[in-house]
Amino acid sequence: MPTDVSPIVAIATAPGRGGIGVVRLSGKNLWPIAEAVCGRTREQLQPRHATYLPFLRGDGSAIDQGLAIYFKAPHSYTGEDVLELQGHGGPVVMQMLLARCLEAGAGIGLRMAQPGEFTQRAFLNDKLDLAQAEAVADLIDASTEAAAKSASASLSGEFSRVVHALVEQVTNLRMLVEATLDFPEEEIEFLEQSDARGQLARIRATLAQVFEQAAQGALLRDGLNVVLAGQPNVGKSSLLNVLAGADVAIVTPIAGTTRDKVTETIQIEGIPLNIIDTAGIREAGESGDDGNDDAGYGAAGPNGGPDAVERIGIERTWVEVGKADVILHMLDADRGPTIADERIMARFPAGVPVIRIWNKIDRSGHKPAVDAMPDATHVYLSAAERTGIDLLRGQLLRVAGWQQTTESRFLARERHMIALKTAGGHLDRAAEIAETSYTAGDQQLEVFAEELRLAQERLSGITGRFTPDDLLGVIFSRFCIGK
């Protein structure tokens, strides 16, 4: 990411045609551009007032007509002077206006903004902390209403306030501990009177609550990759269509119809789930079914096993299974488990939650049900008759760890989760030292204080106080241009 403070410009609206398009400028001394493009002086453009005017070419002719809004530093998004030019949202018009701004600003070093540079400047000018800056991108990218609400809460500073409160508690305890280092003969008595261990226990409990809330927010932001796996024609594509509420996958009585993955994002109580339908798994010589198709249990598929194209699809199935957050292993309830099903089960990666779905209960005589077994949770349903689907949705939420509460949530990223978990580890170590030291009569206060310092730094890194510059570059480079 560039670190110079040259004036920057970019189209701030999404590519394509629209009723309105915005070109945004930020930096010092933007008035030569305002006078050249808008024909207005410093006195004629009042801060935070929209002025309707023509946007001018170099020869004085109009490119477009629209609104110019000037935001005077520090009362702007970036903390610098900001000029927004709002015109008609055609791509050609926007590019012409952008080129005119660059031409008019050449004398003051105006350049194109890099991805995320406007928000980076807001962070560097203390308009946003790092967690809030990340929430800007999360709000733009939100795929569900619940995710958008949580991103908005983070942008308003809710997550940052919680983290700052934790940092303050750790800092106060750290100051208390370090103050006793000058009086080693009074360490135990002083720390007992100040309830150091009690304070640490309360901090750890609060951190555990924050981690739980952040985990919920991370689920809202990232969702889960749910892979449908099983033999051909057990009903994977039919189930995908039912969950998606549309015919997104082809359903036929021919084994091996699905040759490549089909991905559809659905929502369950606001949680985004990427449902991935994969090629049916079978080996050479296996027909892949007993003559039952996905939808209506029709004619048998071809004998002789998969062809070359289908084998590629099966290989890709195993790749997706290896990346899955949750595996839905589909089986035929009418015929029961087979040797082929057992071979498939044996290849599932360890540690990945598995839900075994027994489909076609309308033929087997089973009732819709959930059966929690040691090997996996078993769900009995019929994709063809759409019975038992709600049971599956409930199990997906359970496996995901979703807890429906009235508490407000904030969106969290993987780096936030890592920071919270690492800070928790340092606090756990501090608690162990405190317990051992009290028993042994040796406080080991320097190690105790060091663990508190490390926890404080990890927590402060969430909001950007101790974040390395290279990490900042990675974070902001993933923003869209113009933001």
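Structural data are supplied above this passage.
Values in this document were obtained by computation on a predicted structure and should not be read as measured data.

1. Thoughts on unusual backbone geometry
Put simply, A73 and P74 share a cis peptide bond, and its omega is 0°. For P74, the location among the structural elements is in the loop between strand 4 (62-71) and strand 5 (81-89). Not every positive phi belongs to a glycine, and R48 is a case in point at roughly 65°. Structurally, R48 is set in the loop between helix 1 (31-38) and strand 3 (50-56). Phi at D126 is positive, roughly 65°, even though this residue is not glycine.

2. As for the layout of surface pockets
The calculated volume of the largest pocket comes to roughly 370 Å³. In terms of lining residues, the largest pocket is bounded by 22 residues, among which I11, A12, T13, A14 and P15 are the most central. Mapped by element, the contributors of at least two residues to the lining of the largest pocket are strand 2 (18-27) and helix 2 (91-104). Of the residues belonging to the lining of the largest pocket, the class tally is 12 nonpolar, seven polar and three charged.

3. What to know about the pairing of strand 5
Of all nine residues in strand 5, seven are buried; the element is thus mostly enclosed. Pairing analysis gives five bridges linking strand 4 to strand 5, with the strands arranged antiparallel. Pairing of Y70 across the sheet is with L83, part of strand 5.

4. Points about the sheet that holds strand 11 (residues 354-359)
Strand pairing within a sheet occurs via backbone hydrogen bonds; the two strands may be parallel or antiparallel. Across the sheet, which stays open at both edges, the seven strands sit in the order 8-9-7-10-11-13-12 with mixed pairing between neighbours. On the outer flanks of this sheet lie strand 8 (262-268) and strand 12 (369-372), each paired with one strand and no other. Taking the axes of each pair of neighbouring strands and ignoring which way they run, one obtains an average angle of 25° across the sheet. Along the sheet, helix 8 (residues 196-222) contacts strand 7 (224-230) and strand 9 (271-277); its crossing angle with strand 9, the most-contacted strand, is approximately 50°.

5. A look at the packing of helix 6 (residues 158-179) against helix 15 (residues 445-463)
Remark: helix 6 packs on helix 15, axes separated minimally by 9 Å, with the N-to-C direction vectors making an angle of 160°. The angle between helix 6 and helix 15 places the two elements in the roughly antiparallel class. Judged by the twist between their axes, the crossing of helix 6 over helix 15 is left-handed. Where helix 6 approaches helix 15, its residues F159, S160, V163, H164, L166, V167, V170, T171, L173, R174, V177 and E178 are matched on the opposing element by L445, F448, A449, L452, R453, Q456, L459, S460, I462 and T463. Per-class residue counts for the contact of helix 6 with helix 15 are 13 nonpolar, six polar and three charged.

6. Brief notes about the sheet that holds strand 6 (residues 111-112)
Strand order in the open sheet made by the six strands is 3-4-5-2-1-6, with mixed pairing throughout. Each edge of the open sheet carries a strand with a single partner, namely strand 3 and strand 6. Pairing geometry for strand 3 and strand 4, over seven bridges, is antiparallel. Counterpart to F55 in the pairing with strand 4 is D64.

7. Quick word on the packing of aromatic side chains
A full pass over the atoms with the stated rule returns three aromatic pairs. Measuring from ring centre to ring centre gives 4.5 Å for F159 and F410, while their planes differ by 20°; the resulting arrangement is stacked. Linking F159 in helix 6 with F410 in the loop between helix 13 (389-400) and helix 14 (414-440), this pair joins segments that are 251 residues apart in sequence. Neither residue differs from the other here; F159 and F410 are each classed as buried. The aromatic ring of F118 is capped on one face by R24, whose charged end is 5.4 Å from the ring centroid.

8. Quick notes on the side chain of R356
Mapped onto the secondary structure, R356 falls in strand 11. Only 2.9 Å separates the side chain of R356 from the side chain of H329, close enough to count as a polar contact. Look past the residues within four positions of R356 in its chain and what remains in contact with it is H329, L331, M345, F348, D375, A376, T377, H378 and V379.

9. Here we look at the pattern of salt bridges
On inspection of all chains with the given rule, the structure shows 18 salt bridges. For E117, the salt bridge identified is with R111, shortest N-O distance 2.6 Å. Take E117: its relative accessible area is 0%, and that puts it in the buried class. Each of the salt bridges in this network shares a partner with another, and the network as a whole consists of E134, D138, R221, R413 and R415.

10. Remarks on the packing of helix 1 against helix 2
How two helices pack is summed up by the angle between their axes together with the distance between the axes. At a minimum axis separation of 9 Å, helix 1 and helix 2 run at an interaxial angle of 130°. Between helix 1 and helix 2, the crossing angle belongs to the class labelled oblique. Crossing of helix 1 over helix 2 shows right-handed handedness. Contacts from I33, A36 and V37 in helix 1 reach L97, R100, C101 and A104 in helix 2.

11. Considerations on helix 6
The first and last C-alpha atoms of helix 6 sit 32 Å apart over 22 residues, in line with the 32 Å expected at 1.5 Å per residue. All of the buried residues along helix 6 are E158, F159, S160, V163, L166, V167, V170, L173, R174, L176 and V177.

12. Quick look at the nonpolar core
Residues L173, L200, F448, L452 and L459 are the most contacted members of the largest nonpolar core, which totals 34 residues. Among the elements of the structure, helix 6, helix 8, helix 14 and helix 15 are those that each provide at least two residues to this core. The dominant element in this core, judged by the number of residues it contributes, is helix 14, at nine residues. Beyond its immediate sequence surroundings of up to four residues, L200 is in contact with L173, L427, A430, A431, F448 and L452. Ranked by size, the runner-up nonpolar core spans 32 residues in total, among them L243, I275, L381 and W402.

13. Side note on the state of the cysteines
Any covalent bond linking the sulfur atoms of two cysteines counts as a disulfide. This model, assessed by the stated rule, comprises zero disulfides. In this model C101 remains outside any disulfide bridge; the closest cysteine sulfur is found in C38, 7.4 Å from its own. For C101, a relative accessible area of 0% translates into the label buried.

Reading the values: rules and limits
What you see as residue numbers is a count from 1 along each chain, following the sequence as written. Where local features are concerned, this predicted model is filtered to residues with pLDDT of at least 70; where side-chain atom pairs are given and counted, the filter is 80 or more; whole-chain, interface and lining totals use all residues. Side-chain measures were taken over the full set of non-hydrogen atoms in the model, leaving aside hydrogen atoms and water. Working definition: helices are DSSP H or I runs of at least four residues, strands are E runs of at least two. Numbering for both runs from the N terminus. Cavity and pocket criteria rest on a 1 Å grid covering protein atoms alone: a 1.4 Å probe that fits but cannot get out defines a cavity, protein on both sides within 12 Å along at least 5 of 7 lines defines an open pocket, and an atom within 4 Å of a point defines a lining residue. Grid points are joined across faces, edges and corners, and a volume is the space filled by probe spheres set on the points. When residues are sorted by character, Ala, Val, Leu, Ile, Met, Phe, Trp, Tyr, Cys and Pro go into the nonpolar class, Asp, Glu, Lys and Arg into the charged class, and all the rest, Gly among them, into the polar class. Here the term buried applies to any residue with accessible area under 20% of the maximum for its type, exposed to any over 50%, and partly exposed to those in between, with areas from a 1.4 Å probe on protein chains only. By the convention used here, strands pair only if DSSP detects at least 2 bridges between them. Here an angle of 0 to 180 degrees is reported between the N-to-C directions of two axes, which are lines fitted to C-alpha atoms, with helices fitted over the stretch in contact. Whether two residues are in contact is decided by their heavy atoms: any pair within 4.5 Å suffices. If an angle is under 35 degrees, it is roughly parallel; if it is over 145, roughly antiparallel; if it lies from 65 to 115, roughly perpendicular; otherwise it is oblique. A crossing counts as left-handed when the near helix is turned anticlockwise from the far one by less than a right angle, and as right-handed when that turn is clockwise. Only rings of Phe, Tyr and Trp enter the pairing, Trp through its six-membered ring, and a pair is recorded when the two centres are within 6.5 Å. The plane angle decides the type: under 30 degrees is stacked, over 60 is edge-to-face, the rest tilted. The rule for a charge over a ring is simple: NZ of Lys or CZ of Arg within 6 Å of the ring centre, and within 35 degrees of the ring normal. Distance and chemistry together define a polar contact, namely a pair of N or O atoms within 3.5 Å, with one atom able to donate a hydrogen and the other to accept it when in protein, and with adjacent residues in sequence counting only for side-chain atoms on both sides. Salt bridge, as applied in this entry: a Lys or Arg side-chain nitrogen positioned within 4 Å of an Asp or Glu carboxyl oxygen. One less than the residue count of a helix, multiplied by 1.5 Å, gives the span that helix is expected to have. For the purposes of this section, nonpolar cores are sets of buried Ala, Val, Leu, Ile, Met, Phe, Trp, Tyr and Cys residues that join through side-chain atoms within 4.5 Å. By convention in this document, the label disulfide applies to cysteine sulfur atom pairs within 2.5 Å.

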